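# Chains, contacts and geometry: an overview
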Amino acid sequence: MTALPWIFIAFIVLPVAYLVWSVVNVDNKSALIIRNNLSRGITRQGQSAPAFGDRGMLEIARKFTPAGYTSKLDTLLARAGRPATMPLPRLLIAKPLLGLAGAVVGSLIFVLHPGPPMLLLALFLVVLCYFIPDLLIWSKAEERQKAIQLELPDTLDQMLISVEAGLGFESSMARAGANGKGPMAEELVRTLQDMQMGRPRRDSYQALADRTTVPELKSFVRAVVQADIYGIGIAKVLRTQARQMRIKRRQRAEEKAMKLPVLVLFPLLFFVFPTLFIIILGPAVINIIPVFTSGGALGG
């Protein structure tokens with residue numbers, strides 16, 4: 001066996017092994033900070049610092065990644081809840097490695113089977129491997145935004161009960177964040193952390209709206225900011241917003257129910273009906289075929 005196949009295997013295995021190691025390896029200092037925050041009942045939504053061995057690759061990745069694209073990745077990570085296993089520095093390192101692995105595999109395919117179709121396949125493989133992290137994070141972000149949209153009415157009801165019981169707005173946010181377990185509770189805790197770090201209240205609320213794509217949450221943040229500016233009672237704002245959120249949630253459920261027959265139509269036409277026709281008409285066709293065959297033979 002020549003050395004060329006081993007070289008191709010090394011080019012494939014080494015980047016993939018380094019990628020797995022970089023994902024599994026977690027900085028001890030960041031893990032200690034997270035444990036301390038959890039012991040205080042606070043979860044910090046931050047980025048873990050890259051390890052010493054990753055800094056050189058991080059600088060190289062930043063040079064080859066446009067600043068605008070890096071900003072979009074950071075926004076996408078914020079909407080996905082900033083997964084601890086894939087912070088922005090590690091993502092910037094993983095994307096070129098995956099692209100390199102795809103290029104090596106694509107080159108191997110093209111060398112073994114040269115031709116324009118294999119060249120297009122190799123290019124597609126490179127692009128796919130490079131953007132796989134984006135697709136995964138985008139999918140996680142979409143799921144998280146849907147969960148926030150579903151949890152928002154119940155969270156507002158909890159905050160309304162707390163405010164009517166005599167708590168302040170921020171105290172009601174803290175209680176809802178402490179009692180909740182979903183992404184909406186995490187966003188409330190993150191907003192309170194911003195305020196505790198000295199960030200202005202309105203900027204913290206606006207950051208909450210910027211981290212999500214849920215229109216109802218953006219509308220709620222605007223209502224809270226206007227209530228803070230004009231001195232409107234927060235209990236009245238919460239009551240109105242909670243009622244509107246419940247109505248919108250019911251309307252979305254009704255809309256999905258109305259779309260269901262249309263969505264079911266295509267599987268019925270292409271999968272269910274042909275099977276029914278085969279089951280119902282199959283025996284009749286089997287019985288009719290000999291009659292026509294014998295009739296044709298007699299006529300001849």
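A word on the nonpolar core. Formed by 25 residues in total, the largest nonpolar core has its most connected members in Leu156, Met159, Phe169, Tyr205, Leu217, Phe220 and Leu238. The set of elements that each furnish at least two residues to this core consists of helix 6 (116-164), helix 7 (169-179), helix 8 (183-196), helix 9 (201-210), helix 10 (215-230) and helix 11 (234-299). Top contributing element to this core by residue count: helix 6, with six residues. Judged by nonpolar contacts, the second largest core, of 14 residues, contains Leu58, Leu76, Ala80 and Ala141.

This part takes up the packing of aromatic side chains. One pass over the full model with this rule turns up four aromatic pairs. Centroid distance Phe169 to Tyr205: 6.0 Å. Interplanar angle 80°. Geometry classified as edge-to-face. Note that Phe169 is positioned in helix 7 and Tyr205 in helix 9, a separation of 36 residues in sequence. An identical accessibility class is assigned to Phe169 and Tyr205; each is buried.

The next point concerns helix 6. In an α-helix there are 3.6 residues to a turn, and that puts residues three or four apart on one side. Compared with an ideal rise of 1.5 Å per residue, which puts 49 residues at 72 Å, helix 6 spans 70 Å between its outermost C-alpha atoms and is within 8% of the ideal. Remark: Gly166 follows helix 6 within two positions and exhibits a positive phi of approximately 115°.

Rules and cut-offs
Counting of residues starts from 1 at the beginning of each chain's written sequence and follows it residue by residue. Note on the predicted model: pLDDT of at least 70 is required for a residue's local features to be given, and 80 or more for side-chain atom pairs to be given and counted; whole-chain, interface and lining totals, by contrast, use all residues. Excluded from the side-chain calculation are hydrogens and water; included are all heavy atoms of the structure. Throughout this description, the term nonpolar core refers to a set of buried Ala, Val, Leu, Ile, Met, Phe, Trp, Tyr and Cys residues connected via side-chain atoms within 4.5 Å. Residue burial is assigned from relative accessible area. The probe radius is 1.4 Å, only protein chains are included, and a residue is buried under 20% of its type maximum, exposed over 50%, and partly exposed in between. Counting from the N terminus, the helices are the DSSP runs of H or I reaching at least four residues and the strands are the DSSP runs of E reaching at least two. The rule is short: rings of Phe, Tyr and Trp, with Trp giving its six-membered ring, pair when the centres are within 6.5 Å, and they are stacked under 30 degrees, edge-to-face over 60, tilted in between. A helix is expected to span 1.5 Å multiplied by its residue count minus one.

Interpretation in functional terms is not warranted from these geometric data alone.
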